[in-house]
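Topology and contacts: notes
Spelled out, the chains give:
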Amino acid sequence: MSNLDLVLREARTADGEPVDIGVKGGRIVAIAPRLVCDAPEEPLAGRLVVPGFADTHIHLDKSCLLDRCECHRGTLDEAIAQVAQAKRAFTEEDVYERARRTLEKAILHGTQHMRTHVEVDPRIGLTAFRAIRRLKHDYAWAIDLQICAFPQEGLINDPGTEELLVEACDAGADLIGGCPYTDSDPDGHIARIFDIAGRFDLDIDFHLDFDLDPSWMHLDEVCRQTEAHRRGGRVAVGHVTKLSAVLPNRLASIAARLAAAGVAVTVLPSTDLFLMGRASDHLVPRGVAPAHRLLAAGVTCSIATNNVLNPFTPFGDCSLVRMANLYANCAQLGRPRELASCLDMITRLPAKLMNLADYGIAVGAPADVVVLDAREGAMAVAEIAQPLMGFKRGRKTFARPAAALLRPDAAEPPTHVPARRRS
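Since the model is a prediction, treat every value here as computed from it, not as a measurement.

Criteria and cut-off values
- Residues numbered from 1 in each chain as written.
- Predicted model: local features only at pLDDT ≥ 70, side-chain atom pairs only at ≥ 80, totals over all residues.
- Heavy atoms only, no water.
- Disulfide = S-S within 2.5 Å.
- Buried < 20%, exposed > 50% of the residue type's maximum accessible area, 1.4 Å probe, protein only.
- Helix = DSSP H or I, 4+ residues; strand = E, 2+ residues; numbered from the N terminus.
- Pairing = 2+ DSSP bridges.
- Salt bridge = Lys/Arg side-chain N within 4 Å of Asp/Glu carboxyl O.
- Phe/Tyr/Trp six-rings, centres within 6.5 Å; stacked < 30°, edge-to-face > 60°.
- Expected span 1.5 Å × (residues − 1).
- Contact = heavy atoms within 4.5 Å.

1. As for the state of the cysteines
Applying the stated rule across the entire model yields 0 disulfides. A disulfide-free cysteine, C318 has its sulfur positioned 8.0 Å from the sulfur of C64, the nearest such atom. C318 gets classed as buried once you look at its relative accessible area, which sits at 3%. Summary of cysteine pairing: C342 is not part of a disulfide, and the nearest cysteine sulfur, belonging to C330, is at 9.0 Å. Owing to a relative accessible area of 0%, C342 belongs among the buried residues under this scheme.

Encoded structure:
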């Protein structure tokens, strides 16, 4: 084979056997045990390759805000209020700079597809939207960024917000979000979001059912509207922490409804563990929706980041492998197949949720590849394997050396001189 731009030598795919991957024109054109060609090579020594990670739910615009907020209770209401106050002082350059730092962390941890929710309302206007739209353009060489115009503080109860959402959609938002639990009319909020999505032919992503009271849910109305508007496969919901508090029989029924309606679910382990169960002083509930159980019922599920270094989540390094490991811990998943499914929820399944047409390690697909310091998927999650390098459309976008022990040479004198004994 000739005229290749790049060959990844001895790359271990999910199938388990090392292969060579040939790249030309930004796409994978060959996968074989041994490619004979004269082209630049990257020796991988049997390390695992995966398609670039996909983060379906993050808030770039309000990351890195810890120095501007003062939180004492650690509750969802407090986090919303603190960020609402802080964002009044946001400028386009400020949002861009904070989001840039967070996005670069994500890229260095292997994320190559991302959906970011961006707040739009009369306080912030389109300031954050414009900043993230610039970021999307500036970092297109490393990551494909979807912008979700999002009304965090409500819609029906917040005059002027709907007009701004429409303006954002008209200005190029990739999809629209909703947050009915902050609205005085949750069902009206859901209905308006579906109407705007229909007008612009956009996918929808709701923040939903973000507490531990299972006696009522907005999920029912979202499923109903999805079916009524024939939007199956184009609607996702995030958090749905109520699902961690329902009995098994009811969970099975809800899972069947989600699968039938075509509504996908994103779980956000770091944020949900931090915010949920604050009223409990013992036997504190985890508050993380059981994605693996929904997945078994045919629901498309993903694991994502949500917030980074702000009142909603005062930590985070944007590593989706770490997030998959965290989910496995709190869901008590330890068998190899279970751990492999967690890797699926940061690769193949979020790509399906985001309706990415071209995705995967396959001939004809874009050469969007991440190399992990692991030999197979389950252990990558178990050990929080580090991404060693990434390629976006065949171009290397980041690299880090594998950790190595620096053993002393036996022939060298010791560097430590023992203290003399007293005579």
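2. Here's the deal with the pairing of strand 14 (residues 369–372)
Of the two faces of strand 14, the one carrying V369 and V371 and the one carrying V370 and L372 are both buried. Sheet topology note: the strand 5 (residues 48–51)/strand 14 ladder contains 4 bridges and is antiparallel. Considered in strand 14, the bridge of L48 is made with L372. Pairing of strand 14 with strand 15 (residues 387–392) involves 4 bridges; the strand directions are antiparallel. Its bridge partner lying in strand 15, V370 is registered against G390.

3. Things to note about the pattern of salt bridges
For the structure shown, the criterion picks out 36 salt bridges. Each member of the salt-bridge network shares a partner with another, and the members are K62, K87, E119, D121, R123, E153 and D158.

4. Examining the packing of aromatic side chains
Aromatic ring pairs are defined here through the distance separating the ring centres and the angle between the ring planes. Here the structure, examined in full by the defined rule, presents 4 aromatic pairs. Seen in terms of ring centroids, Y181 and F210 are 6.1 Å apart; in terms of plane orientation they differ by 70°. Their pairing is edge-to-face. With Y181 in the loop between strand 9 (175–178) and helix 5 (186–200) and F210 in the loop between strand 10 (203–208) and helix 6 (219–228), this pair connects stretches of sequence that are 29 residues apart. Take Y181: its relative accessible area is 21%, and that puts it in the partly exposed class.

5. Quick word on helix 2 (residues 92–108)
Taking 1.5 Å of rise per residue, the 17 residues of helix 2 would be expected to cover 24 Å, and the 24 Å separating its terminal C-alpha atoms lies within 8% of that figure. Within the span of helix 2, buried status applies to D94, V95, Y96, R98, A99, R100, T102, L103, A106 and I107. Here the buried face of helix 2 lies against strand 6 (53–58), strand 7 (111–119), helix 3 (127–138) and strand 16 (395–399). Downstream of helix 2 by a residue or two, G110 has a phi angle that is positive, lying close to 95°.

6. What about unusual backbone geometry?
Most peptide bonds take the trans configuration, and most residues that are not glycine carry a negative phi. Even without a glycine there, the phi angle at C64 is positive, about 60°. Relative to the assigned elements, C64 resides in the loop between strand 6 and helix 1 (76–86). Of note in the backbone geometry, D209 takes a positive phi value of approximately 50° without being a glycine. Assignment of secondary structure puts D209 in the loop between strand 10 and helix 6.

All quantities given are derived from atomic positions and should not be read as evidence of function.
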